[in-house]
Amino acid sequence: MDCILIRHGIAVEPDEWEGAEENRPLTEKGKKRVKQAAVGLAALDCKPTHLLTSPFVRAYDTARILRTVVCPVLKVETREELAVGAKPEQLVALLNTLPSDSVVVCVGHEPQLGQVVSLLLCGKVFPNFPFKKSGAACIEAEGIIKPNQGRLRWWLPPMQLRVLGKRTRTEKQDELS
C-alpha cells in the first residue's frame, strides 16, 4: 500500500472567518497553490485508487482540485477519520480496511497528518513531522499498513511540488516546440 498524505491548501485565517470552523474555505491563493502542487504530484506518476478527505471545506476543496489534476475518475470520499481532532490510529485502522495494493490519497489537517507519519514510521505519535499547507508525503508498506512498518518514499513541501509541476510543464512545452 502507498499512502499519500496531503495537507489542505491555504485557508482563510480563523480570525477573519465569521462562520463555523468546518466551513472555513481556501483562499484564492490557496486554490492556485493546490493546483500547482497537484501538477507536481501528477508528475510523480502516482496512480491513486482512493481519494479520501476530511469533511472540512478547506480539505474537501483541496481534494476536489487534486482530483481534477491527478485522478479525475475517482470519487472524493469524505471520512471522519481525517477530520480535525481525529486520532492517527483511526486513520490507520481505516487504511487497513482497503486492499493491500491500494494507492490512497488522504487530504487532512495538522497535527494529525504528521502524527500519522510518525506512527507509521516510528511506532509512536510524535509532533516532529509537521506538514506545510499543500505539502505531501508518501508512506509505503508491504501488505497492510502498520505502526512502525511504514517506509518513507518521499516528503515534498509545497514549493518543491510546485517546482516539479512547473518543470514538467516546461519540459512538455519544449517537446512540442
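Residues numbered from 1 in each chain as written. Predicted model: local features only at pLDDT ≥ 70, side-chain atom pairs only at ≥ 80, totals over all residues. Heavy atoms only, no water.

Participant: Could you clarify how one ought to interpret the pattern of salt bridges in this entry?
Facilitator: When their charged atoms lie close together, side chains carrying opposite charge are able to pair. In the structure shown here, the tally under the stated rule is 11 salt bridges. Connected through shared salt-bridge partners, D2, E140, E142, R151 and R153 make up one network. (Salt bridge = Lys/Arg side-chain N within 4 Å of Asp/Glu carboxyl O.)

Participant: I tried to follow the pairing of strand β1 (residues 2-7) on my own but got confused; where do I start?
Facilitator: Each regular strand shows side chains that alternate between the opposite faces of the sheet. Of all the 6 residues making up β1, 6 are buried; the element is thus mostly covered by neighbouring parts of the structure. What you see with β1 is no split at all: D2, I4 and I6 on one side and C3, L5 and R7 on the other are buried throughout. Note that β1 and strand β4 (residues 103-108) share 6 bridges and pair parallel. When the bridges of β4 are listed, C3 appears paired with V104. Pairing geometry for β1 and strand β5 (residues 136-140), over 5 bridges, is antiparallel. Directly across from I6, in β5, lies its bridge partner A136. (Buried < 20%, exposed > 50% of the residue type's maximum accessible area, 1.4 Å probe, protein only. Helix = DSSP H or I, 4+ residues; strand = E, 2+ residues; numbered from the N terminus. Pairing = 2+ DSSP bridges.)

Participant: Help me out: how do you make sense of the packing of helix α1 (residues 28-43) against helix α2 (residues 57-70) in this one?
Facilitator: Helices that pack against each other are described as a pair by the angle of their axes relative to one another and the distance between those axes. Following both chains from N to C, one finds α1 and α2 inclined at 40 degrees, their axes separated by 9 Å at the closest point. Classified by the interaxial angle, the pair formed by α1 and α2 is oblique. In this structure, the crossing between α1 and α2 has a hand that is right-handed. Packed against α1, whose contacting residues are K31, V34, K35, A38, V39, L41 and A42, the element α2 presents T62, I65, L66, V69 and V70 at the interface. (Axes fitted to C-alpha atoms, helices over the stretch in contact; angles between N-to-C directions. Parallel < 35°, antiparallel > 145°, perpendicular 65-115°, else oblique. Left-handed = near helix turned anticlockwise from the far one by under 90°. Contact = heavy atoms within 4.5 Å.)

Participant: Explanation requested: α2 in the structure shown.
Facilitator: An α-helix turns once every 3.6 residues. As a result, residues three or four positions apart point the same way. Taking 1.5 Å of rise per residue, 14 residues should cover 20 Å, and α2 covers 19 Å from first to last C-alpha, within 8% of that figure. Here α2 has its buried residues at R58, A59, D61, T62, A63, I65, L66 and V70. Where α2 is buried, its residues meet β1, α1, β2 (50-53), β3 (76-78) and β4. (Expected span 1.5 Å × (residues − 1).)

Participant: Honestly, the sheet that holds β3 in this entry has me stumped. Any pointers?
Facilitator: Within a sheet, neighbouring strands are paired by backbone hydrogen bonds and run either parallel or antiparallel to one another. Pairing is mixed across the open sheet formed by 6 strands, whose spatial order is β3-β2-β4-β1-β5-β6. Either end of the sheet is taken by a strand with one partner, and the two such strands are β3 and β6 (151-156). Here the average twist between neighbouring strands, direction ignored, is 20 degrees. By the bridge criterion, 5 bridges tie β5 to β6 in an arrangement that is antiparallel. When the sheet's bridge partners are listed, C138 is paired in β6 with W154. Relative to β4, helix α3 (residues 88-95) is tilted by about 155 degrees, and along the sheet it contacts β1, β2 and β4.

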